[in-house]
Amino acid sequence: MHSFPGIVAVGYINEAIEEGNPLKTLDTLLLPTAKIRNVDPDYAQHYQDLLYQAKSRKLGDSESASKVLWLDEIQQVVDEANMNKDRANKWVTLVIDVNQVLEQEKSSDILSVLTSSCSNANDIIPECSDKYYKALLKSKEHKSENVSSEGPWLQFNIQDKYEYYYNIDSKESSWKRPEICTLKESWLLEKEIEAFWKGYKQRKAYSCRRQMFIDNLDAVMKIQSWFRMSSARKRYLSRLQFFRDHKNEIVKIQSLLRASKARDDYKTLVGSENPPMTVIRKFVHLLDQSDLDFQEELEVARLREEVVTKIRANQHLEKDLNLMDIKIGLLVKNRITLQDVISHSKKLNKKKGEMPILNNTDNQGIKSLSKERRKTLETYQQLFYLLQTNPLYLAKLIFQMPQNKSTKFMDTVIFTLYNYASNQREEYLLLKLFKTALEEEIKSKVDQVQDIVTGNPTVIKMVVSFNRGARGQNTLRQLLAPVVKEIINDKSLMINTNPVEVYKMWVNQLETQTGEASKLPYDVTTEQALTYPEVKNKLESSIENLRRVTDKVLNSIISSLDVLPYGLRYIAKILKNSIHEKFPDATEDELLKIVGNLLYYRYMNPAIVAPDGFDIIDMTAGGQINSDQRRNLGSVAKVLQHAASNKLFEGENEHLSSMNNYLSETYQGFRRYFQEACNVPEPEEKFNMDKYTDVVTVSKPVIYISIEEIINTHSLLLEHQDAIAPEKHDSLNELLELLGEVPSVESFLGEGAVDHNDPNKENALTQLAKTEISLSLTSKYDLQGGEAIDGQSLMIKTKKLIIDVIRNQPGNTLTDILEIPATEQQEQDHTKDMVSRAIIDSRTPEEMKKSQFMMEDAQLPLEQKKRKIQRNLRTLEQSGHVSSNNKYQDILNEIAKDIRNQRIHRKLRKAELSKLQQTLKALNEKATFFAEQIHYYDTYIKTCLDNLNRKNTRRSIKLDGKGEPKGPKRAKLVKYTAARLQEKGVLLGIDDLQTNQFKNVTFDIMSTEDVGIFDVRAKLLGVEMEKVQLNIQNLLEMQYEGVAVMKMFDKVKVNVNLLIYLLNKKFYGK
């Protein structure tokens, strides 16, 4: 604790320090109350400097509780200053004595001077006094050479912080540089003097030590070896223990490092313009085909076959079910016999099974035929490969045929040729066909922008049909099913925007409630209906509901842009660009209306109006949407259609003009949707396809096509050959020339396909024509041994050889590898690799095996492969494919691209597997629905039969033959004159015969043993002239199709409806 007087003294001292006045600081230090010891007035400046620095340090210390120097701290600083003073005095004495000895040349006194003045006398070696003297003298002489004039002052640097000055003449000293201060520059100072004896001592000690090591070299080496060994072992054991203690961490670090290196290498492979050989070699194994690859390829092929077969089977079932609907509808109206319905039902049940497929690998299949037939089949495979991969042929063919014929051709052959786009490759090729055909159609057949909207373009119809098919149904369901179901299930929803209908419903409601006939008129116009407030109120309520429901459907559509099929969006993009290219003055709004016509009006609108017809919702067998639900959906579709085309309600829809602002707002949402829908990448980028894709894939493309479709396609190609392939040496012309004339079904299959003595030969051939076969498509211009090989094919072959070589022979560049001979070990390793590959190839399914020529190349020794690579590279360099200037880096870049594509192909294959499984599931569900529908129809027909058997009809139908009367049946005969038939309205006229002659013409109508078949004989004056047969089912089909008048005997015109009525009345009692 400090006393009060001491605290006062501390305050004075700190104030003096802050003022910076050395004399005042000295006075405060000498205060009796301060009790500071050993204060020398001559060193006031030095006390001030040290105290000021100490106080500054304390002020800068944030952890210090006090900012003043206390007495003990001040005493410590004063003691430090006194020590500096003693040190300075010693240095002054040393410098003066040494320099005076050197000037007086008293070499004998140098040792005593150094010993007496040196801080550590033990550092001075007496034996070296002469050397000390000479070295110091030499240094002083050297320092004095450049000095012309000098003063008496010596300058010392204490602790490298404080300067001390001493005047050798006046013995005056100062801690501050004097105003007049000329230094004694020729004299040696303390540090220079000490350096001489210390340096000499170190050099001598080093020399002695070195000599000792030289004298004991062997011993030193042993000691060093032992010590190094001991140290290394100790470090090793310590490091090893460290690794054991951190094993998990080390494994993670190693894994991260390897992963980082692999990632960097892969980035180089993917991102570098010219990936090096060392990187390519690390990833070349990715081109190998594993067992999993083969299994996945086989599974994809199997699922693809199932999907295509199921699509075609469902299409046939759907057509027959539609026809069955018509027949049952006619039966309900008593317009067709039950026998006809039963006959069609049996046919339908036969089709319920899977459609037969004749696989070209089966022992009994078409490939088991003669060599000539096999050659023909292979040519067909090459023909369909050419058609599939070159869309220009089919695009031209489509527009060479009449529209009704081209539509059927598109729905069958074209979609079959592309397997209904069941995988990425075929979807890519089909889109290329759509693109080519659409551009061709716009170029040749579209004269105005609106032709696309007002007409019915063939390609647009084909695109919409495809995307609504089996692969597109899931998309439509995902887009529309939730909101459509909500509209259908909302029993309270009633939308009717027709004022006349609203008026009539209102009148009916009034009559029902009052039980009296309304005095309001029943038939009114739209304007009259709108004069009633009740009608206006109901109409406004419907419009409000319509807005609300339409918003839900619109939001579902716009929010599901990513769900919209890529193919449909791409064709919308092509459509927009092609129209803009042909009509550059067309506005963006006009172009987007055309896009909207495709995406909404043609693709989505029908599915909203009739969701049951497009599998948007699940309907139970026999179930249907009622009229109110249908009207609700139709109203929503109508509003969205107007909005998508930016068309306002006007004219006959003037009563809906209150929705025009809503339509304009909705159009803006549609406009952004249509713009974004066209923002899709090109198919090459989307599907990662290029000219080498078919080469790097494991399995060949396979299509499933009927014999009839093959023959029809061949016939159409020959018919329009000049238009679609005008060049004489076109590849298509070469293949058609090889195939020759169009074969018949029998000649296509070869002799023995059918029995010539079979009375049902024609029916058998018809059934065989519908049999599907699988064709493994191949290019006619694949690699073949001994034949001329084009640059692209030679590039592929050379790449495969290079891949085999770089696996076993190291090198930084391809030229290094080809020039350096392979070692015996490398040849052995290569042979082992080829044996392993041969084992894998032996397990490979036949349809996935590489060409024989490729397999022969693979078996060559390493050196022969290298020589073949060199020959191929010279050929490729001449054709401009590669260059030796960059050490054939071009072909290495192609190999790197193949590695990247193989990874992408595997990824796409997994996605395709998942997609095929989903598609097959949806198709099976649809087939199940058809089966339920068939069962429903069977139950209905059975009920009709049961009811019929309980009735005593004029003509009963026996399916099993029981209960039939014995003996021949009597055919019923009905006679009418032409005049009588004219009176009934059945007969309309007879060519070349006057009306007054009709009484001389008689028609005998007689039923035959075949149900529904009638013989009609015409007689003139009792003489039989001609005879025809009428089939009641044909008449009903004509009635269904709207044919009102037909001709019999090529001259008798009859009314179809009244003729059916007459036959029903006279022969069936209806």
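Refer to the structure above for everything that follows.
Just so it is clear, the model here is predicted, and its values are computed rather than measured.

Examining the overall build of the protein chain
The helix and strand inventory of the protein chain stands at 42 helices and 13 strands. In the protein chain, which comprises 1070 residues, the share counted as buried stands at 44%. Intrachain contacts of the protein chain at a sequence separation of at least 6 include 71% that bridge at least 24 residues.

Some details on a nonpolar patch on the surface
Taken together, the side chains of Trp-226, Phe-227 and Met-229 make up a nonpolar region of the molecular surface, amounting to roughly 370 Å² of accessible area. Mapped onto the fold, Trp-226 is located in helix 8 (residues 217-245). Given the relative accessible area of 54%, Trp-226 is considered exposed.

Some remarks on the sheet that holds strand 2 (residues 162-167)
Within a beta sheet, neighbouring strands are joined by backbone hydrogen bonds and run either parallel or antiparallel to one another. If you trace the 3 strands from one edge of the open sheet to the other, you get 1-2-3, paired in antiparallel fashion. The sheet is open, and its two borders are formed by strand 1 (153-158) and strand 3 (173-174), each paired with just one other strand. In this sheet, strand 2 lies alongside strand 1 in antiparallel orientation, the contact comprising 6 bridges. By the bridge assignment for strand 2, Gln-155 is matched with Tyr-165. Against the sheet, helix 4 (residues 71-104) touches strand 1 and strand 2, its axis set at about 135 degrees to strand 1.

Some points on the sheet that holds strand 9 (residues 1001-1007)
Ordered by their spatial adjacency, 4 strands build an open sheet running 7-9-10-11, and the pairing between neighbours is antiparallel. Either end of the sheet is taken by a strand with one partner, and the two such strands are strand 7 (973-977) and strand 11 (1023-1031). Geometrically, the sheet is characterised by an average inter-axis angle of 20 degrees between neighbouring strands, direction not taken into account.

Quick look at the packing of helix 29 (residues 707-719) against helix 31 (residues 731-739)
Two packed helices can be described by the angle between their axes and the distance between those axes. One way to put it is that helix 29 packs onto helix 31 with a least axis distance of 11 Å and a crossing angle of 120 degrees. Considering their axes alone, helix 29 and helix 31 lie oblique with respect to each other. The handedness of the crossing between helix 29 and helix 31 comes out as left-handed. Contacts between helix 29 and helix 31 involve His-714, Leu-717 and Leu-718 on the former and, on the latter, Leu-732, Leu-736 and Leu-739. In terms of residue class, the contact of helix 29 with helix 31 is built from 5 nonpolar, 1 polar and no charged.

Quick notes on the packing of aromatic side chains
In total, this model carries 11 aromatic pairs according to the counting rule given. Ring centres of Trp-506 and Tyr-532 lie 5.7 Å apart, and the angle between their planes is 50 degrees; on these two criteria the pair is classed as tilted. Of this pair, Trp-506 sits in helix 20 (residues 499-514) while Tyr-532 is found in the loop between helix 21 (526-529) and helix 22 (533-558), placing the two residues 26 residues apart along the sequence. For the ring pair Phe-670 and Phe-674, a centre distance of 5.3 Å and an interplane angle of 10 degrees mean the geometry is stacked. Residue Phe-670 and its partner Phe-674 are both found in helix 26 (residues 660-677); the two are separated by 4 residues, about one turn of the helix. Phe-670 gets classed as buried once you look at its relative accessible area, which sits at 0%. Site record: aromatic cluster; members linked through ring pairs are Tyr-600, Phe-670, Tyr-673 and Phe-674. The ring of Tyr-566 is capped by Lys-686, whose NZ or CZ atom sits 5.3 Å from the centre of that ring.

Observations regarding the packing of helix 16 (residues 424-445) against helix 23 (residues 566-582)
Between helix 16 and helix 23, the least distance of the axes is 10 Å, while the angle of their chain directions is 25 degrees. When the axis of helix 16 is compared with that of helix 23, the two are roughly parallel. Between helix 16 and helix 23 lies a crossing whose hand is right-handed. Contact with helix 16, carried on its side by Glu-427, Leu-431, Phe-434, Lys-435, Leu-438, Glu-439, Ile-442 and Lys-443, involves Tyr-566, Gly-567, Tyr-570, Ile-571, Ile-574, Leu-575, Ser-578, Ile-579 and Lys-582 of helix 23 and no other residues of that element.

Some words on the nonpolar core
One finds Phe-384 and Leu-732 to be the most contacted residues of the largest nonpolar core, which totals 133 residues. With 11 residues, helix 24 (residues 588-609) is the largest single contributor of residues to this core. For Phe-384, the contacting residues outside a window of four places in its chain are Leu-417, Ile-703, Ile-705, Ile-710, Thr-713, Leu-775 and Leu-777. Listed in part, the 47 residues of the second largest apolar core include Ala-34, Ile-36, Leu-50 and Tyr-132.

Overview of empty space enclosed by the protein
If a probe as big as a water molecule is rolled over the atoms, it shows which places are left empty. Throughout the structure, instances matching the rule amount to 3 cavities of 30 Å³ or more. Lining the second largest cavity are Leu-981, Val-986, Leu-987, Phe-1003, Ile-1005, Val-1016, Leu-1030, Met-1048, Val-1054, Leu-1059 and Leu-1062. Its residues placed into classes, the lining of the second largest cavity shows 11 nonpolar, no polar and no charged.

As for the environment of Leu-26
Residue placement: Leu-26 occurs in helix 2 (residues 22-29). Judged by relative accessible area, which is 8%, Leu-26 ranks as buried. Placed 13 residues apart in sequence, Leu-26 and Val-39 show a C-alpha to C-alpha distance of 8.1 Å. Ignoring any residue separated from it by four or fewer positions in sequence, one finds Leu-26 in contact with Val-39, Asp-40, Pro-41 and Ala-44.

With respect to the environment of Gln-75
Here Gln-75 shows up in helix 4. In this view, Gln-75 contacts Lys-35, Ile-36 and Arg-37; residues no more than four positions away in its chain are not counted.

Some remarks on helix 18 (residues 458-467)
Most of helix 18 is tucked away: 8 of the 10 residues are buried. When helix 18 is considered as a whole, its buried residues turn out to be Thr-458, Val-459, Ile-460, Met-462, Val-463, Val-464, Phe-466 and Asn-467.

A short note on unusual backbone geometry
Positive phi, normally seen in glycine, also occurs at Lys-887, with a value near 60 degrees. Here Lys-887 is to be found in the loop between helix 38 (862-878) and helix 39 (889-949). Lys-887 gets classed as partly exposed once you look at its relative accessible area, which sits at 42%. Positive phi, normally seen in glycine, also occurs at Tyr-888, with a value near 60 degrees. Mapping Tyr-888 onto the fold places it in the loop between helix 38 and helix 39. Judged by relative accessible area, Tyr-888 falls into the buried class, the value being 11%.

What about the pattern of salt bridges?
Within the structure shown, the criterion is met by 19 salt bridges. Between Glu-18 and Lys-55 there is a salt bridge, with its nearest N and O atoms 3.4 Å apart. Taken together, the residues Glu-18 in helix 1 (residues 4-19) and Lys-55 in helix 3 (residues 44-60) connect sequence positions 37 residues apart. Residue classification places Glu-18 among the exposed positions, given a relative accessible area of 53%. Taking relative accessible area as the criterion, Lys-55 reaches 5% and is therefore assigned buried. Between Glu-19 and Lys-24 there is a salt bridge, and its shortest N-O distance comes to 2.8 Å. Overlapping salt bridges, with partners in common, bring together Lys-261, Asp-265 and Lys-282 in one network.

Focus: the pairing of strand 5 (residues 702-706)
In terms of burial, strand 5 is a largely internal element, 5 of the 5 residues being buried. The alternating pattern of strand 5 places Val-702, Tyr-704 and Ser-706 and Ile-703 and Ile-705 on opposite faces, both of which are buried. As paired elements, strand 5 and strand 6 (residues 772-776) share 5 bridges and run antiparallel to each other. Bridging across to strand 6, Ser-706 finds its partner in Glu-772.

The rules behind the values
- Residues numbered from 1 in each chain as written.
- Predicted model: local features only at pLDDT ≥ 70, side-chain atom pairs only at ≥ 80, totals over all residues.
- Heavy atoms only, no water.
- Helix = DSSP H or I, 4+ residues; strand = E, 2+ residues; numbered from the N terminus.
- Buried < 20%, exposed > 50% of the residue type's maximum accessible area, 1.4 Å probe, protein only.
- Contact = heavy atoms within 4.5 Å.
- Patch = residues over 30% accessible without salt bridge, like charges linked within 9 Å, V, L, I, M, F, W, Y side chains within 5 Å.
- Areas by Shrake-Rupley, 256 points an atom, 1.4 Å probe, with all protein chains shown as cover.
- Salt bridge = Lys/Arg side-chain N within 4 Å of Asp/Glu carboxyl O.
- Pairing = 2+ DSSP bridges.
- Axes fitted to C-alpha atoms, helices over the stretch in contact; angles between N-to-C directions.
- Parallel < 35°, antiparallel > 145°, perpendicular 65-115°, else oblique.
- Left-handed = near helix turned anticlockwise from the far one by under 90°.
- Nonpolar A, V, L, I, M, F, W, Y, C, P; charged D, E, K, R; others polar.
- Phe/Tyr/Trp six-rings, centres within 6.5 Å; stacked < 30°, edge-to-face > 60°.
- Lys NZ or Arg CZ within 6 Å of the ring centre and 35° of its normal.
- Core = buried A, V, L, I, M, F, W, Y, C linked by side-chain atoms within 4.5 Å.
- 1 Å grid on protein atoms, 1.4 Å probe; cavity = no way out; pocket = protein on both sides within 12 Å on 5 of 7 lines; lining within 4 Å.
- Points joined across faces, edges and corners; volume = space filled by probe spheres on them.

Interpretation note: all reported values are geometric properties and have no functional meaning in isolation.
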